[in-house]
Amino acid sequence: MAHSSYEQACEAALFFKDRLPSPLQAPRIAIICGSGLGGLANTIDAQPRAEFDFKSIPHFPHLTVAGHAGKLVFGCLNGQVPAVLMVGRAHYYEGHSLDRVTFPVRVFKLLGIDTIILTNAAGALNPDYMVGDIVLLNDHLFLSGLAGIHPLRGPNAEEFGPRFPPLSDAYDLDLRRHVHKAWAAMDLSDNQRRLHEGIYAFVGGPSYETRAECRMLRGLGADLVGMSTVPEIVVARHCGVRVLALSLVTNKAVLEPVPRGDDSLLTGKRAEELDAIMQEGKANHQEVLDAGRSAAIDMQKLVMETVAFGFPPSDRR
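- Under an unreviewed UniProt entry, the name given to the protein is Purine nucleoside phosphorylase, and the source organism is Aspergillus aculeatus.
- Recorded in UniProt under Sequence similarities (unreviewed entry), the annotation for the protein is "Belongs to the PNP/MTAP phosphorylase family."
- In its Pathway (unreviewed entry) section, UniProt records this for the protein: "Purine metabolism; purine nucleoside salvage."

Right, dumping it as structure tokens:
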């Protein structure tokens, strides 16, 4: 029985050997689909194609979150680029260790990918961001990682990468340039959606952040806050995989302090009026899923255009 993370990843990768048609046995790109963004699987060509439930794959984590299907979809993008899409992801707040959360990334490395595209739903800390905007990540804050809750904690898996991997170059500059080119090539005249670049702060969840926590993260330089992606990026870079990450803004974080109980402006307010003040801007998971659905088409187009720019025919295996 496999015990080390490398042995377990090898066992999971071997699972696909006789189950994939030959054109899909060496995927070039992995795409991780975040909350409400499972529609990205529709970008995969109809044939050849193969799907696997997480529960059927050795050592893969099982999911418990609504909106996360928990399956791998193998196929080709743009008719020529073999890829694997991960529809749904495991989260630390579900009770998984960060090693288990990031396990699929190591399996993708063993399958042969050299690039990973990660998507997520996130709350906007930057007041210039609007719900429905897309943010290209160029850095992150990993406070729990700095405190030792880290996917690379423990004996180093030398088969994947070095003991002390640098992360100052985590977000591939060339890939980010391709995203901007792809965005410029898209026809978005019928909506007001914008593309930004920004910094993502990872939090453990599952509770959404308090107003004070949002102000703290914003003060530290974060533009977005969410409960995924960063641990996967750390492991991808440990494995030497190029990283591209995109966030969909699904809600605006509340940065204003709560009213004081002795605020004179509250005098005479009815209970329902006080409740409305406290409820303003409160995030909820259904809002995340709804915003994801409304922006899914544009996100799909952007990923497809980016692949077209970043992986021209001469660069395809």
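1. Quick notes on the state of the cysteines
Here's step 1: Tallying each qualifying case throughout the model produces zero disulfides.
Here's step 2: Free of any disulfide, C10 has its nearest neighbouring cysteine sulfur in C239, separated by 11 Å.
Here's step 3: Cysteine C76 shares no disulfide, and the gap to the nearest cysteine sulfur, in C33, comes to 16 Å.

2. Description of the environment of L217
Here's step 1: Looking at the secondary structure, you find L217 in helix 6 (residues 211–219).
Here's step 2: Sequence-wise, L217 and I29 are 188 residues apart; in three dimensions their C-alpha atoms are separated by 32 Å.
Here's step 3: For L217, the contacting residues outside a window of four places in its chain are L125, L141, L143, A201, V203, A222 and V225.

3. A look at the UniProt feature "binding site: phosphate" (unreviewed entry) in the protein
Here's step 1: In the numbering used here, UniProt assigns the "binding site: phosphate" (unreviewed entry) feature to S35, H68, R89, A90, H91, A121 and S228.
Here's step 2: Looking at the secondary structure, you find A121 in strand 5 (residues 115–124).

4. As for the pairing of strand 3 (residues 71–77)
The two faces of a sheet get side chains in turn, since along a regular strand they alternate between them.
Here's step 1: The element strand 3 is largely enclosed, with a buried count of six among its seven residues.
Here's step 2: When strand 2 (residues 50–53) meets strand 3, the two strands line up antiparallel, connected through four bridges. When the bridges of strand 3 are listed, F52 appears paired with L72.
Here's step 3: As paired strands, strand 3 and strand 4 (residues 81–87) are joined by seven bridges and run antiparallel to one another. Bridge pairing links C76 to P82 in strand 4.

5. Description of the pattern of salt bridges
Between side chains of opposite charge, a pair can form as their charged atoms come close.
Here's step 1: This model, assessed by the stated rule, comprises 13 salt bridges.
Here's step 2: Residue R49 pairs with E51 through a salt bridge whose shortest N-O separation is 3.0 Å.
Here's step 3: Take R49: its relative accessible area is 30%, and that puts it in the partly exposed class.
Here's step 4: On the basis of relative accessible area, E51 is assigned to the partly exposed category, the value being 40%.
Here's step 5: Where salt bridges share partners, they join R49, E51 and K71 into one cluster.

Reading guide: rules and limits
- Residues numbered from 1 in each chain as written.
- Predicted model: local features only at pLDDT ≥ 70, side-chain atom pairs only at ≥ 80, totals over all residues.
- Heavy atoms only, no water.
- UniProt positions renumbered as here; feature names shortened; annotations may be inferred.
- Disulfide = S-S within 2.5 Å.
- Helix = DSSP H or I, 4+ residues; strand = E, 2+ residues; numbered from the N terminus.
- Contact = heavy atoms within 4.5 Å.
- Buried < 20%, exposed > 50% of the residue type's maximum accessible area, 1.4 Å probe, protein only.
- Pairing = 2+ DSSP bridges.
- Salt bridge = Lys/Arg side-chain N within 4 Å of Asp/Glu carboxyl O.

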